[in-house]
Amino acid sequence: MTMLKDPSAKYRPFPQINLPDRRWPGRVITQAPRWLSTDLRDGNQALIDPMGAEKKTRFFDLLVKVGLKEIEVGFPSAGATEFDFIRGLVDSGRIPDDVMVQVLTQSREDLIKTSFESLAGAKSAIVHVYNAVSPLWRQVVFGLEKPQIKEIARQGAMFLRDQAARFPQTDWHFEYSPETFSTAEVDFSIECCEAVMEVLQPTTQHPIILNLPATVEAATPNIYADQIEYFCRNLPNRDRAVISLHTHNDRGTGVAAAELGLMAGADRVEGCLFGNGERTGNCCLVTVALNMYTQGINPELDFSNIDEVIQTVEYCNQLKVPERHPYGGELVFTAFSGSHQDAIKKGFAAQESRNDQLWSVPYLPIDPADLGRSYEAVIRVNSQSGKGGFAWVIEQDQGLKLPKKMQAHFSKHVQELADELGRELVAEDIWDVFQRVYRLNTPQHFQLVDFDEKRAADGTRVFAGKIELDGTERSVSGRGNGLISSVVSTIADSFGVALEVRDYSEHAMGAGSDARAAAYVECVTPEGKTIWGVGIDEDVATASVRAVLSAANAVAG
């Protein structure tokens, strides 16, 4: 094969659909579609090591727990392993009454017969028949003309009808796919579907499912939406069909194609959890469903414990959910950038003060708590982070709400550590450096033993206490306008450490009997150097004294 200097010359753009009055661009999704998980069939056949019965059973139970009401459980004619698993589901009574299982088969009589036998006795079930209809498959794969392809579809429908009559105790539903729909002529796909409907005679009460797969994603998702709208508008007896979408991700837009397909008139979405499937994968049901949450639509699927879902999926598929996968990835709710962290931190503060039910936080389109995730991992710290990042971490981890100016003071110490270690800083790293910088570790140069505070006759406050100086206990006292100033006076008179208090703040840490107080003082030395002190205690007055001594320890070194 001759290699071209410009590879693009080998390809031709996908043709537009003649739909000048297309309506889907002006529509919005207003309700959840019917969902079908094909993890146990399409997803399974794409695995390096396909699932055995134990993993398929575990996956099936997960899909039921998530809320899937239609589950494609396998390809029973592929072999004994598939057939036996499906029969096991039916015979064990494991299928809930409100769940329909589905199997897939090619349009061949013997394979369709095996498919019905695998499901016989189920309360209700779907048998899904397909045959490829597009020009490339007709000409290259099968060497058949359109009438022959259409006859395969019609014969398949007859086999469905006849086999269903053998097992009247099951409420049978039928699905037909003009396979390779995305690269076929839409009018020919309609012809094939119409032929199938003529045989099966669906009704509005018992419609047929017509699946229109983007078997290979060959164009932008708006083209697929045009195909779907054209199909829906031109299919005879449209009210007797459920239009289903089965998008693949060859161009990276499988989710977008599914969403636009719903806008174009489809009723059902097929896919896999986290997008597993052939080649680049199927449409990700998690993404489509949770996208609906962000638009105020209940997807009617439960991902409130998404980490449990991921754990099961990864175990069964032996494939890791990528860290950046929408909604489910380990890092999708995490900010490292300083500006992002600052915006998120302010967003949470605004959310708390607003105290309403509406979610509105920068960079977080969905509340992590709705997926069972904690807020602690929303902000993580590395060398790219700003003061808002470590302040958030230390608040979540220790309950300390650092004053804004103190955040700036502490940030350089965090940055130095991040640069030194060359990795992400965990909460323990940040807490260790915080205790070191603000002299919270013991023993320290100045250490409070006990104290008492009284009001003097002239209205001033008198501090009297015991402070250890390098392990030696000393009784000291001082006078000031309040507790803080009396402590400052005491350490100046008794130890020669001069400080001027510029700012003071305090807050409760927690609530109830276990609540503690945190106090912060901003001080300036005679040389003009800014020093911060921190005190933590069950008693707010003691926390204040400890904060001043923390600053004095910083001066003493």
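Residues numbered from 1 in each chain as written. Predicted model: local features only at pLDDT ≥ 70, side-chain atom pairs only at ≥ 80, totals over all residues. Heavy atoms only, no water.

Naming follows an unreviewed UniProt entry, where the chain appears as 2-isopropylmalate synthase of Novosphingobium arvoryzae. Heading Subcellular location (unreviewed entry) of the UniProt record for the chain holds this comment: "Cytoplasm". Listed in UniProt under the heading Function (unreviewed entry), the comment for the chain reads: "Catalyzes the condensation of the acetyl group of acetyl-CoA with 3-methyl-2-oxobutanoate (2-ketoisovalerate) to form 3-carboxy-3-hydroxy-4-methylpentanoate (2-isopropylmalate)." (UniProt positions renumbered as here; feature names shortened; annotations may be inferred.)

Caption draft 1: Local environment of the UniProt feature "domain: Pyruvate carboxyltransferase" (unreviewed entry) in the chain. UniProt's feature table lists "domain: Pyruvate carboxyltransferase" (unreviewed entry) at residues 33–307, given in the numbering used throughout. The span residues 33–307 is 45% helical and 19% strand by assignment, and the distance between its end C-alpha atoms comes to 24 Å. (Helix = DSSP H or I, 4+ residues; strand = E, 2+ residues; numbered from the N terminus.)

Caption draft 2: Spatial organisation of the UniProt feature "binding site: Mg(2+)" (unreviewed entry) in the chain. Following the UniProt record, the feature "binding site: Mg(2+)" (unreviewed entry) maps to Asp-42, His-246, His-248 and Asn-282 here. These annotated residues cover 241 residues of sequence, and their C-alpha atoms all fall within 10.8 Å of one another, placing them together at a single site. Ignoring any residue separated from it by four or fewer positions in sequence, one finds His-246 in contact with Thr-38, Arg-41, Asp-42, Asn-211, Leu-212, Pro-213, Ala-214, Tyr-224, Glu-270 and Asn-282. A polar side-chain atom of His-246 sits 3.4 Å from a polar atom in the side chain of His-248. Assignment of secondary structure puts Asn-282 in the loop between strand E8 (268–271) and helix H10 (285–293). (Contact = heavy atoms within 4.5 Å. Polar contact = N/O pair within 3.5 Å; in protein donor to acceptor, adjacent residues only side chain to side chain.)

Caption draft 3: Structural context of the packing of aromatic side chains. Overall, the coordinates contain 10 aromatic pairs when judged by the stated rule. With a centroid separation of 5.2 Å and an interplanar angle of 90°, the aromatic rings of Phe-410 and Phe-434 are classed as edge-to-face. Of the two residues, Phe-410 sits in helix H14 (residues 404–421) while Phe-434 sits in helix H15 (residues 427–437), which places them 24 residues apart along the sequence. The exposure classification of Phe-410 matches that of Phe-434, with both residues buried. Aromatic pair Phe-451 and Phe-463: ring centres 5.6 Å apart, planes at 20°, arrangement stacked. Taken together, the positions of Phe-451 in strand E9 (residues 446–455) and Phe-463 in strand E10 (residues 461–469) put the pair 12 residues apart, joining distant regions of the chain. For the pair Phe-451 and Phe-463, one class covers both residues: buried. (Phe/Tyr/Trp six-rings, centres within 6.5 Å; stacked < 30°, edge-to-face > 60°. Buried < 20%, exposed > 50% of the residue type's maximum accessible area, 1.4 Å probe, protein only.)

Caption draft 4: Expanded view of the side chain of Gln-435. Structurally, Gln-435 can be placed in helix H15. Once residues lying within four places of it in the same chain are set aside, the contact partners of Gln-435 are Leu-440 and Asn-441.

Caption draft 5: Up close: the pairing of strand E12 (residues 500–509). Inspection of the sheet shows E12 paired to strand E13 (residues 516–524) by nine bridges, in the antiparallel sense. Paired with Tyr-504 across the two strands is Val-521, which belongs to E13. Taken together, E12 and the strand that follows it, E13, pair antiparallel across an intervening segment of six residues, in which Gly-510 is found at a positive phi of about 85°. (Pairing = 2+ DSSP bridges.)

Caption draft 6: Summary view of the sheet that holds E10. The sheet built from three strands is open, its strands ordered E9-E10-E11 with antiparallel pairing. Of all the strands in the sheet, just E9 and strand E11 (472–480) have a single pairing partner and so form its edges. Neighbour to neighbour, the strand axes of the sheet diverge by 20° on average, direction disregarded. Across nine bridges, the pairing between E10 and E11 is antiparallel. Looking at E11, one finds that Leu-469 is bridged to Thr-472. Against the sheet, helix H17 (residues 540–556) contacts E9 and E10, and its axis sits at roughly 135° relative to E9. (Axes fitted to C-alpha atoms, helices over the stretch in contact; angles between N-to-C directions.)

Caption draft 7: Summary view of the sheet that holds strand E14 (residues 530–537). Spatially, three strands are ordered E12-E13-E14 in an open sheet, and the strand pairing comes out antiparallel. Here the strands that pair on one side only, and so sit at the sheet edges, are E12 and E14. Across the sheet, the mean angle separating the axes of adjacent strands is 15° when strand polarity is ignored. Strands in contact with H17 are E12, E13 and E14; relative to E14, the strand with the most contacts, it is inclined by about 145°.

Caption draft 8: Representation of unusual backbone geometry in the model. Phi is positive for Arg-279, close to 55°, though the residue is something other than glycine. In this fold, Arg-279 is placed in the loop between E8 and H10. Its identity as a non-glycine residue notwithstanding, Asp-470 has a phi of 55°, on the positive side.

Caption draft 9: Summary view of the packing of helix H16 (residues 483–495) against H17. Here H16 crosses H17 at 35°, and the two axes come no closer than 10 Å. For the crossing formed where H16 meets H17, the hand is right-handed. In this structure, H16 contributes Leu-483, Ile-484, Val-487, Val-488 and Ile-491 to the contact, and H17 contributes Ala-541, Ser-544, Val-545, Val-548, Leu-549 and Ala-552. Split into classes, the residues belonging to the contact of H16 with H17 amount to 10 nonpolar, one polar and no charged. (Left-handed = near helix turned anticlockwise from the far one by under 90°. Nonpolar A, V, L, I, M, F, W, Y, C, P; charged D, E, K, R; others polar.)

Caption draft 10: Expanded view of a nonpolar patch on the surface. On the surface, Leu-136, Val-140, Val-141 and Phe-142 cluster together into a nonpolar patch covering about 400 Å² of accessible area. Inspection of the secondary structure puts Leu-136 in helix H5 (residues 135–142). (Patch = residues over 30% accessible without salt bridge, like charges linked within 9 Å, V, L, I, M, F, W, Y side chains within 5 Å. Areas by Shrake-Rupley, 256 points an atom, 1.4 Å probe, with all protein chains shown as cover. Salt bridge = Lys/Arg side-chain N within 4 Å of Asp/Glu carboxyl O.)

Caption draft 11: Molecular detail of the pairing of strand E2 (residues 70–74). Of all five residues that make up E2, five are buried, and the element is covered over most of its length. Of the strand pairs in this sheet, E2 and strand E3 (residues 100–106) are connected by four bridges, and their pairing is parallel. Paired with Gly-74 across the strands is Val-103, a residue of E3.

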